[in-house]
Amino acid sequence: MHRTPLVPRRVGTAVPPVRAAFVVLLLAVVVVAGARLVLAAGGMQVMGMAEYSTLIPIVGAALLPLRLTLILGLTNLVVGIVAYGILLPSMSHASRITVITALAASILVSLAVCRTRIAMERRLKGLMVARDRLTLLSEASTRVGGTLDVARTAEELAEVAVRRFADHAAVDLFDPVLKGEEPAPGPHAGPVTLRRAARRSVPAALAAASADGGTVTYCRGSMPALSLLRGVPVHGQFPDGADGEECWPADPDGTGTKAPHSALAVPLRARGVTLGAALFTRSRHRDPFDAADVLLAQEIAARAAVCVDNARRYTHERATSVALQRSLLPQVVPPQPAVQAVARYLPADVGVGVGGDWYDVIPLSGARVALVVGDVVGHGIRASAAMGRLRAAVRTLADIDLPPDELLTHLDDIVIRLQSETCPTPTGGAEDAAEADVGEFVATCLYMVYDPISRRCTAARAGHPPPAVVHPGACARFLDVPAGPPLGVGGLPFETAEMHLPEGSLLALYTDGLVEAPRYCLDERLERLLEALSEPKPTLQDTCDHVLDRLVVDRTRDDIALVIARTQALDDRHTVAWELLDDLAEVARARDLASLQLAHWGLPGAAFLAELVVSELVTNAIRYGGSPVQLRLIRHDTLICEVSDGAHTAPHLRRARTFDEGGRGLFIVAQLAERWGTRQQSDGKTIWAELALPPATVPTPAPALATL
C-alpha cells in the first residue's frame, strides 16, 4: 500500500464548462441577431444602431468573468467590423472609423468594468466570509463548554462545526480524558488509539448512525497522527479515487467515507497537554480547506480544548469527592438488635458538585442504637472533608453515651473551632483570604437514640428537617422535635424530645435535598413524603426506593441522604435485671444469678467468662459506687453485662503493679470482653461489658428466671 498523496488547494474560482459554453453561445446569438438588425436597417440611422452595439460587451461585463467578457467584446468588434465596414458600403469612411473605434473602446470599458466588479465581489465575499467566521467563532464560544461533561462538550464542538464549517466532524479523545484523568504525556507517535467522543455529519442518516464511544486508531504518518505528533493542524486534499486509508482514519461504525475530498486534523491542546484531536472533512461540492480555515479551526479547537480540560478537571474533582464521601459513609448498615435499617445516598449531578450529606447508624451500649443524619453547607472536596470530620466527631461523642442535646452542644463547639481554622489570619495575604471559606463548616444534624428494651426514643436536631414516624397501622407523621439552630451558630441551647415507639414503628431520617426542589412548595413536598411513607411496602429497601421515586425530581441541586429504620423490641426473653444490696456478700449471689440465667438461655459455655466479668463489676460497684446497685443481662447476638450504681465517678483502667492489692478488676474485664465502657445517668452510672457468645444450645430464649 502506498501513502495517498495530498494536493494543494487550487487558487481561484473555476466556472463550470457547460455553463460557460451556454453563455458564449447565447451571447453569440445576441451579437449575430444584432448584426442582422443592422443589415436590415440599411435605410435607418446606422449610427444610432451602432450605439446599441457598444452596450453589448458592457452589459456582458456585469454578468460574465473576465475571460468571457474579453471574448464577447472581441466577437462584438469582429461582427461590427464585418457589418459596418463591409456589408454596409453606403456608410461613409468617417462613420466606419467612428463605429469601429466606439466598439473597440467598449471592449476596454467592459474589461475595466469587469475587473472592478470582480474585485468588489471578491472583497464583498471576503467580508461575508470573515463575518461568517466571526459568527461561527462567537457561536463556538457560546455553545461549546455549556456543561461540565467531557462527552457533552465534545458533542457541542462537533455540532457547531458541521454544516457551517465542515460536512463531517469528529472529536477523538484519549481514554483517560473521558474518565477525568490526566492523559499520557507526548509526543504521540503513531499508531495512536483514541476513543470517539462525538461525531456529526451533514446527512441525517450519518448523524443518526454516529458511533460515539468506539475506538479509532491513527496510523503512523496519517494526518491526525502528524497533528498529534507536531502539535499543529494538518490539512490537505485527496485526489479522486484515492482510498486514503493511511492518511485518514475510518469511522468506527464504517458509515463515513474513507477518503474525504478535503480533510483537516487539529490537535486539542490545553495547558500544555494534548487531550485528543478534532477531525473535519468537506465533500467535493465545497471549497477545500485553506489557510484561513485552518486558523479558524485552530481557534475553535483551542477554546474547545480549554472547555474539555475544565470538564475533565471537574470530572476528576467530582469523582474524588464522591470517592471520598462514599469512603467516609458506612458502606453497609450492620445489623442491630434495636432496629432494622437501610440507607440511600444520592450525590448531586454534574454541575453542582458533591455535597456534605452524611448518615450513620451507631451501636450504643445496652443494645441501643443512634441514628444520625447531617448536612454540611457547601459542595466539593471541602464539604466532603468537613463531613468526614463531623461524622468522626459524632461517633466519638456517641461512644461516651452523651444525651442528644449535650452531643449537639459539643458538636456545635467543634464546628465553631473548625470555622476559626478556616478563617484568614490577620497576617495572611489577600490570596489566603480569598481561598478561605469562612462559612464552609456550617452544618445541620439530627441525632436520635432508640432503646429497644424501654422502647423509648430521644431526639434532638440542629437546624435539620424533622424526622417522620409511621406507627403500626397508622399514617405517617412528623415527630415534634424542637428545632435548634444550625451547627456553627453558637450561643443557643438544644432541646431533647422523648417519645414512646411501639415495636415495628417506621422511622425516616433525611436531608433537605429530598424535600427541597425548585418550583415546588416545601409544605407540599413534606406532605408528599408523608404520603409515600404511609403506603406500606414489603421491605425497607422497597420503601426507600418508593420514597425516592416519589420525591426525587431534580438531582442536580443537592445531595440526598435517606435512612429508614424499623424499630424492634427486646422483651423478657432477651433481658433480665436484679436489684442487689450494698454488701460484698451479694457478689456470690450475682454470680449464681448470672450462671443460672445463662443455663436457662442455653448458653452454659458463656457462664465462666460471664461470672468473672459480673464478679469484678459488682465488686467495684459495691465497694466504690454504693446503692442502688443493679445487675442486668441482655442477650442478643452478644451477651451484655451491665452493673449500675449510685456514684457518678467514672472508673479508669490502669495496670496494677506486682504487689498492689487492687486495680486489676477493669483490666480483667477489658481482656475478657469484646467491648466495655461507662455511661452516665441522672442517678449514677452504668458500667457495661459485651461478651461474644458461643453457639446456643437452646433455639428460642426462655423467659427470665425469678429473682433468687
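Residues numbered from 1 in each chain as written. Predicted model: local features only at pLDDT ≥ 70, side-chain atom pairs only at ≥ 80, totals over all residues. Heavy atoms only, no water.

Time to look at the packing of aromatic side chains. Within this structure, the stated rule accounts for 2 aromatic pairs. Ring plane angle 90° and centroid distance 5.4 Å describe the contact between Phe165 and Phe280, whose orientation is recorded as edge-to-face. One end of the pair, Phe165, is in the loop between α6 (150-161) and β1 (168-173); the other, Phe280, is in strand β6 (residues 273-282), with 115 residues separating them in the sequence. The class for Phe165 is buried, based on a relative accessible area of 4%. Judged by relative accessible area, which is 4%, Phe280 ranks as buried. For the pair Phe165 and Phe289, a centre-to-centre distance of 5.4 Å together with 40° between the ring planes defines the contact as tilted. (Phe/Tyr/Trp six-rings, centres within 6.5 Å; stacked < 30°, edge-to-face > 60°. Helix = DSSP H or I, 4+ residues; strand = E, 2+ residues; numbered from the N terminus. Buried < 20%, exposed > 50% of the residue type's maximum accessible area, 1.4 Å probe, protein only.)

On to the confidence of the model for the protein chain, then. Chain-level pLDDT for the protein chain is 79 on average; 77% of the residues reach the 70-or-more range. A low-confidence stretch, residues 697-708 (pLDDT under 50), is modelled with 32 contacts involving residues beyond four sequence positions or located in other chains. (pLDDT = per-residue confidence, 0-100. Contact = heavy atoms within 4.5 Å.)

For the rest of this paragraph, the subject is the nonpolar core. The biggest cluster of nonpolar side chains holds 56 residues, and the ones touching the most others in it are Trp358, Leu371, Leu408, Leu411, Tyr447 and Met448. Counting 49 residues, the second-largest nonpolar core is a separate cluster that includes Phe165, Ala169, Val177 and Ala304. (Core = buried A, V, L, I, M, F, W, Y, C linked by side-chain atoms within 4.5 Å.)

Quick look at the pairing of strand β3 (residues 215-218) now. Judged by which residues are buried, β3 turns out to be one-sided: Val216 and Tyr218 face inward and are buried, whereas Thr215 and Thr217, on the alternate face, are not. Relative to β3, strand β2 (residues 192-201) is paired through 4 bridges, and the arrangement is antiparallel. When the bridges of β3 are listed, Arg195 appears paired with Thr215. (Pairing = 2+ DSSP bridges.)

The next thing to look at is the packing of helix α18 (residues 607-625) against helix α19 (residues 665-672). At a closest axis distance of 9 Å, the pairing of α18 and α19 adopts a crossing angle of 150°. In terms of axis orientation, α18 runs roughly antiparallel to α19. In this structure, α18 meets α19 at a crossing whose hand is left-handed. Residues Leu609, Leu612, Val613, Glu616, Leu617 and Asn620 of α18 pack against Gly665, Leu666, Ile668, Val669 and Leu672 of α19. Counted by class, the contact of α18 with α19 contains 8 nonpolar, 2 polar and 1 charged residues. (Axes fitted to C-alpha atoms, helices over the stretch in contact; angles between N-to-C directions. Parallel < 35°, antiparallel > 145°, perpendicular 65-115°, else oblique. Left-handed = near helix turned anticlockwise from the far one by under 90°. Nonpolar A, V, L, I, M, F, W, Y, C, P; charged D, E, K, R; others polar.)

With that settled, the discussion passes to a nonpolar patch on the surface. Together, Leu124, Leu127 and Met128 line one region of the surface with nonpolar side chains, adding up to about 290 Å² of accessible area. The residue Leu127 is located in helix α5 (residues 93-143) in this model. (Patch = residues over 30% accessible without salt bridge, like charges linked within 9 Å, V, L, I, M, F, W, Y side chains within 5 Å. Areas by Shrake-Rupley, 256 points an atom, 1.4 Å probe, with all protein chains shown as cover. Salt bridge = Lys/Arg side-chain N within 4 Å of Asp/Glu carboxyl O.)

The subject of this paragraph is the pattern of salt bridges. When their charged atoms lie close together, side chains carrying opposite charge are able to pair. Applying the stated criterion across every chain yields a total of 28 salt bridges. Between Glu690 and Arg675 there is a salt bridge, with its nearest N and O atoms 2.9 Å apart. Note that Glu690 is positioned in strand β22 (residues 684-692) and Arg675 in strand β21 (residues 675-681), a separation of 15 residues in sequence. A residue is classified by how much of its surface remains accessible, and Glu690, at 13% relative accessible area, is buried. Arg675 gets classed as partly exposed once you look at its relative accessible area, which sits at 34%. Each of Arg152, Glu155, Glu156, Glu159 and Arg200 takes part in salt bridges that share partners, so that together they form one network.

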